[in-house]
Amino acid sequence: MKWLLAILLVLASLALFSRPPGPLHFALAGARASGACAAPMVRFRGAGKDFPALCRSAEAAIAFLSGLGLALRHPVQIDIVPVLSCTDRNECLGCFSASRDRIEILDLTARNQGAFRRRIFGFDVDAELLGSVVGHEIAHAALHDAPEKHGRPLPRGFQEYIAHVTQLSLLGDQRRKRVLERYGDAAFTGPEQMTAIFYQIDPEKFAVMSYRHFLATADRKAFIRRLVEGKESPYELYFR
Ligand SMILES: [Zn+2]
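### Let's talk about the confidence of the model for the chain
Link 1 in the chain: Taken over all residues, the pLDDT of the chain has a mean of 82, while the share at 70 or more is 77%.
Link 2 in the chain: Every residue in residues 10-31 scores below 50 in pLDDT, and together they form 2 contacts with partners more than four places removed in sequence or on other chains.

And the structure:
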(Lines give C-alpha, C1' and ligand atoms only; values in the text may rest on other atoms or scores of the structure.)
Protein backbone atom coordinates (compact mmCIF):
# COMPACT_ATOMS: atom_id res chain seq x y z
CA MET A 1 0.00 0.00 0.00
CA LYS A 2 2.92 2.32 0.76
CA TRP A 3 4.23 2.03 -2.82
CA LEU A 4 0.81 2.97 -4.19
CA LEU A 5 0.79 6.06 -1.97
CA ALA A 6 4.32 6.97 -3.16
CA ILE A 7 3.28 6.69 -6.83
CA LEU A 8 0.22 8.85 -6.20
CA LEU A 9 2.40 11.49 -4.50
CA VAL A 10 4.85 11.53 -7.44
CA LEU A 11 1.97 11.88 -9.93
CA ALA A 12 0.40 14.67 -7.88
CA SER A 13 3.67 16.63 -7.69
CA LEU A 14 4.24 16.17 -11.44
CA ALA A 15 0.78 17.58 -12.12
CA LEU A 16 1.50 20.53 -9.82
CA PHE A 17 4.78 21.53 -11.47
CA SER A 18 3.74 20.96 -15.09
CA ARG A 19 0.45 22.87 -15.07
CA PRO A 20 0.13 26.10 -17.06
CA PRO A 21 0.69 29.44 -15.28
CA GLY A 22 -1.99 30.03 -12.67
CA PRO A 23 -3.08 33.19 -10.85
CA LEU A 24 0.19 33.36 -8.89
CA HIS A 25 2.25 33.51 -12.09
CA PHE A 26 0.03 36.23 -13.50
CA ALA A 27 0.20 38.20 -10.26
CA LEU A 28 4.01 38.11 -10.34
CA ALA A 29 4.10 39.09 -14.02
CA GLY A 30 1.68 41.94 -13.32
CA ALA A 31 3.96 43.33 -10.62
CA ARG A 32 6.65 44.04 -13.26
CA ALA A 33 4.32 44.55 -16.22
CA SER A 34 5.98 44.59 -19.59
CA GLY A 35 4.66 44.62 -23.11
CA ALA A 36 3.35 46.64 -25.98
CA CYS A 37 0.74 49.36 -25.56
CA ALA A 38 -2.25 49.55 -27.91
CA ALA A 39 -0.08 51.88 -29.98
CA PRO A 40 2.48 49.46 -31.44
CA MET A 41 5.23 52.09 -31.46
CA VAL A 42 5.91 51.81 -27.72
CA ARG A 43 6.81 48.88 -25.57
CA PHE A 44 7.33 49.04 -21.81
CA ARG A 45 9.55 46.92 -19.62
CA GLY A 46 9.19 46.91 -15.83
CA ALA A 47 6.27 49.36 -15.58
CA GLY A 48 4.51 47.44 -12.77
CA LYS A 49 1.06 48.64 -11.73
CA ASP A 50 1.56 51.92 -13.62
CA PHE A 51 1.65 50.09 -16.97
CA PRO A 52 -1.93 51.02 -18.09
CA ALA A 53 -1.51 54.67 -17.04
CA LEU A 54 1.91 55.00 -18.66
CA CYS A 55 0.58 53.41 -21.86
CA ARG A 56 -2.26 55.93 -21.97
CA SER A 57 0.22 58.79 -21.56
CA ALA A 58 2.51 57.37 -24.26
CA GLU A 59 -0.38 57.01 -26.69
CA ALA A 60 -1.67 60.51 -25.92
CA ALA A 61 1.82 61.92 -26.49
CA ILE A 62 2.13 60.14 -29.85
CA ALA A 63 -1.27 61.51 -30.93
CA PHE A 64 -0.38 65.04 -29.74
CA LEU A 65 2.93 65.02 -31.60
CA SER A 66 1.34 63.58 -34.76
CA GLY A 67 -1.11 66.47 -34.70
CA LEU A 68 1.88 68.82 -34.81
CA GLY A 69 3.45 66.99 -37.76
CA LEU A 70 5.93 65.10 -35.58
CA ALA A 71 4.94 61.46 -36.04
CA LEU A 72 6.98 58.87 -34.16
CA ARG A 73 8.38 56.84 -37.06
CA HIS A 74 10.18 54.03 -35.26
CA PRO A 75 9.32 51.74 -32.31
CA VAL A 76 10.72 52.84 -28.96
CA GLN A 77 11.48 50.67 -25.97
CA ILE A 78 10.64 52.31 -22.63
CA ASP A 79 12.40 50.79 -19.61
CA ILE A 80 11.50 51.59 -16.02
CA VAL A 81 14.85 51.45 -14.23
CA PRO A 82 16.26 52.12 -10.73
CA VAL A 83 19.08 54.31 -12.13
CA LEU A 84 19.09 56.33 -15.37
CA SER A 85 22.03 55.48 -17.61
CA CYS A 86 21.33 58.01 -20.39
CA THR A 87 21.75 61.18 -18.33
CA ASP A 88 24.00 62.32 -15.50
CA ARG A 89 21.58 65.01 -14.33
CA ASN A 90 20.38 64.01 -10.87
CA GLU A 91 17.07 65.81 -11.07
CA CYS A 92 15.93 63.98 -14.24
CA LEU A 93 13.15 61.41 -14.06
CA GLY A 94 13.64 60.21 -17.61
CA CYS A 95 15.98 60.32 -20.59
CA PHE A 96 16.10 59.29 -24.23
CA SER A 97 19.08 57.51 -25.73
CA ALA A 98 19.06 58.10 -29.50
CA SER A 99 21.90 55.64 -30.04
CA ARG A 100 19.90 52.84 -28.40
CA ASP A 101 16.38 53.95 -29.41
CA ARG A 102 15.50 53.61 -25.76
CA ILE A 103 13.75 55.72 -23.17
CA GLU A 104 14.54 55.22 -19.51
CA ILE A 105 12.12 56.30 -16.79
CA LEU A 106 13.07 56.25 -13.12
CA ASP A 107 11.34 53.54 -11.10
CA LEU A 108 8.58 54.64 -8.69
CA THR A 109 10.21 53.04 -5.66
CA ALA A 110 13.76 54.15 -6.58
CA ARG A 111 12.51 57.73 -6.86
CA ASN A 112 11.90 57.81 -3.15
CA GLN A 113 15.49 57.00 -2.26
CA GLY A 114 18.76 58.82 -2.65
CA ALA A 115 19.56 62.46 -3.20
CA PHE A 116 17.68 63.21 -6.41
CA ARG A 117 14.61 65.40 -6.58
CA ARG A 118 11.38 63.68 -5.66
CA ARG A 119 8.88 66.31 -6.73
CA ILE A 120 8.11 67.93 -10.04
CA PHE A 121 6.12 71.13 -10.48
CA GLY A 122 5.65 71.12 -6.70
CA PHE A 123 3.92 67.72 -6.58
CA ASP A 124 5.01 64.31 -5.38
CA VAL A 125 5.49 62.19 -8.47
CA ASP A 126 2.49 59.95 -9.18
CA ALA A 127 1.50 57.93 -12.25
CA GLU A 128 0.05 61.00 -14.00
CA LEU A 129 3.24 63.02 -13.59
CA LEU A 130 5.41 60.06 -14.48
CA GLY A 131 3.26 59.61 -17.61
CA SER A 132 3.95 63.23 -18.50
CA VAL A 133 7.69 62.47 -18.26
CA VAL A 134 7.13 59.52 -20.63
CA GLY A 135 5.46 61.94 -23.07
CA HIS A 136 8.37 64.39 -22.73
CA GLU A 137 10.86 61.68 -23.70
CA ILE A 138 8.68 60.43 -26.56
CA ALA A 139 8.81 63.98 -27.93
CA HIS A 140 12.63 63.76 -27.93
CA ALA A 141 12.35 60.40 -29.74
CA ALA A 142 9.96 61.88 -32.35
CA LEU A 143 12.26 64.88 -32.86
CA HIS A 144 15.07 62.46 -33.53
CA ASP A 145 12.98 61.25 -36.50
CA ALA A 146 12.32 64.76 -37.79
CA PRO A 147 14.29 65.58 -40.93
CA GLU A 148 17.10 68.07 -40.44
CA LYS A 149 16.15 70.33 -43.29
CA HIS A 150 18.34 73.12 -41.96
CA GLY A 151 21.48 70.97 -41.95
CA ARG A 152 22.18 71.07 -38.22
CA PRO A 153 20.60 69.50 -35.12
CA LEU A 154 17.57 71.24 -33.71
CA PRO A 155 18.76 73.70 -31.02
CA ARG A 156 18.42 72.22 -27.52
CA GLY A 157 16.11 75.02 -26.39
CA PHE A 158 13.64 74.20 -29.20
CA GLN A 159 13.80 70.50 -28.43
CA GLU A 160 12.94 71.25 -24.82
CA TYR A 161 10.14 73.62 -25.85
CA ILE A 162 8.44 70.86 -27.84
CA ALA A 163 9.12 68.21 -25.17
CA HIS A 164 7.71 70.39 -22.36
CA VAL A 165 4.66 71.45 -24.34
CA THR A 166 3.95 67.75 -24.96
CA GLN A 167 4.53 66.97 -21.27
CA LEU A 168 2.17 69.64 -19.93
CA SER A 169 -0.50 68.76 -22.50
CA LEU A 170 -0.74 65.30 -20.89
CA LEU A 171 -1.72 66.57 -17.45
CA GLY A 172 -5.33 66.77 -16.34
CA ASP A 173 -6.88 70.24 -16.48
CA GLN A 174 -6.79 70.84 -12.72
CA ARG A 175 -3.18 69.65 -12.32
CA ARG A 176 -2.01 71.72 -15.29
CA LYS A 177 -3.82 74.82 -14.00
CA ARG A 178 -1.99 74.53 -10.67
CA VAL A 179 1.36 73.99 -12.42
CA LEU A 180 0.84 77.13 -14.54
CA GLU A 181 -0.23 79.17 -11.51
CA ARG A 182 3.11 78.56 -9.82
CA TYR A 183 4.75 81.01 -12.23
CA GLY A 184 2.14 83.77 -12.49
CA ASP A 185 1.72 84.96 -16.07
CA ALA A 186 5.26 84.14 -17.22
CA ALA A 187 5.36 83.22 -20.91
CA PHE A 188 7.85 83.28 -23.74
CA THR A 189 7.01 85.98 -26.25
CA GLY A 190 9.22 84.63 -29.04
CA PRO A 191 11.42 81.70 -30.04
CA GLU A 192 14.61 83.70 -29.50
CA GLN A 193 13.97 83.38 -25.73
CA MET A 194 13.78 79.56 -25.74
CA THR A 195 17.43 78.96 -24.98
CA ALA A 196 19.26 75.95 -23.61
CA ILE A 197 20.77 78.18 -20.92
CA PHE A 198 17.34 79.22 -19.63
CA TYR A 199 16.22 75.58 -19.68
CA GLN A 200 19.23 74.48 -17.64
CA ILE A 201 18.81 77.22 -15.06
CA ASP A 202 15.08 76.69 -14.40
CA PRO A 203 13.53 73.80 -16.38
CA GLU A 204 10.12 74.03 -14.70
CA LYS A 205 9.74 77.75 -15.38
CA PHE A 206 10.94 77.04 -18.93
CA ALA A 207 8.16 74.42 -19.21
CA VAL A 208 5.43 76.81 -18.04
CA MET A 209 6.66 79.69 -20.23
CA SER A 210 6.78 77.30 -23.21
CA TYR A 211 3.25 76.03 -22.64
CA ARG A 212 1.81 79.55 -22.28
CA HIS A 213 3.57 80.59 -25.48
CA PHE A 214 2.16 77.51 -27.23
CA LEU A 215 -1.39 78.33 -26.06
CA ALA A 216 -1.06 81.88 -27.36
CA THR A 217 0.22 80.73 -30.78
CA ALA A 218 -2.49 80.94 -33.45
CA ASP A 219 -1.15 78.27 -35.84
CA ARG A 220 0.69 75.87 -33.58
CA LYS A 221 1.51 73.29 -36.20
CA ALA A 222 3.00 75.93 -38.49
CA PHE A 223 5.06 77.34 -35.63
CA ILE A 224 6.46 73.90 -34.74
CA ARG A 225 7.31 73.37 -38.40
CA ARG A 226 9.22 76.67 -38.47
CA LEU A 227 11.22 75.57 -35.41
CA VAL A 228 12.01 72.13 -36.81
CA GLU A 229 12.91 73.48 -40.25
CA GLY A 230 15.43 75.94 -38.82
CA LYS A 231 13.49 79.09 -39.70
CA GLU A 232 13.81 80.40 -36.13
CA SER A 233 16.86 80.73 -33.86
CA PRO A 234 17.26 81.20 -30.12
CA TYR A 235 19.40 84.23 -29.07
CA GLU A 236 22.39 82.10 -28.17
CA LEU A 237 22.76 80.95 -31.78
CA TYR A 238 23.06 84.56 -33.03
CA PHE A 239 26.34 84.93 -31.18
CA ARG A 240 28.11 81.87 -32.52
ZN1 LIG B 1 13.99 67.14 -22.39
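Text resumes after the structure shown.
### Some points on the pairing of strand S3 (residues 76-81)
Link 1 in the chain: Across 4 bridges, the pairing between strand S2 (residues 42-45) and S3 is parallel. Bridged to Arg-43 within S3 is Gln-77.
Link 2 in the chain: Where S3 and strand S5 (residues 102-106) come together, 5 bridges link them in parallel fashion. By the bridge assignment, Val-81 is partnered in S5 with Leu-106.

### Comments concerning the sheet that holds S3
Each strand in a sheet pairs with its neighbour through backbone hydrogen bonds, running either in the same direction (parallel) or in the opposite one (antiparallel).
Link 1 in the chain: Strand order in the open sheet formed by 5 strands is S1-S2-S3-S5-S4, with mixed pairing between adjacent strands. Of all strands in the sheet, those with a lone pairing partner are strand S1 (35-36) and strand S4 (94-97), marking the two edges.
Link 2 in the chain: Bridge count between S4 and S5: 4 bridges; the pairing is antiparallel. Directly across from Cys-95, in S5, lies its bridge partner Glu-104.
Link 3 in the chain: Of the strands in this sheet, S3, S4 and S5 touch helix H5 (residues 127-145), which is tilted by about 20 degrees from S4.

### Comments concerning the packing of helix H3 (residues 51-67) against H5
Link 1 in the chain: Running from amino to carboxyl end, H3 crosses H5 at an angle of 40 degrees, the nearest separation of the two axes being 8 Å. If you check the angle between H3 and H5, you find them oblique. Handedness of the crossing formed by H3 with H5: right-handed. On H5, the residues that touch Ala-53, Leu-54, Arg-56, Ser-57, Ala-58, Ala-60, Ala-61, Ile-62 and Leu-65 of H3 are Ala-127, Leu-130, Gly-131, Ser-132, Val-134, Gly-135, Ile-138, Ala-139 and Ala-142.
Link 2 in the chain: Residue classes in the contact of H3 with H5 are distributed as 13 nonpolar, 4 polar and 1 charged.

Calculation rules
- Residues numbered from 1 in each chain as written.
- Predicted model: local features only at pLDDT ≥ 70, side-chain atom pairs only at ≥ 80, totals over all residues.
- pLDDT = per-residue confidence, 0-100.
- Contact = placed C-beta atoms within 7 Å.
- Pairing = 2+ DSSP bridges.
- Helix = DSSP H or I, 4+ residues; strand = E, 2+ residues; numbered from the N terminus.
- Axes fitted to C-alpha atoms, helices over the stretch in contact; angles between N-to-C directions.
- Parallel < 35°, antiparallel > 145°, perpendicular 65-115°, else oblique.
- Left-handed = near helix turned anticlockwise from the far one by under 90°.
- Nonpolar A, V, L, I, M, F, W, Y, C, P; charged D, E, K, R; others polar.

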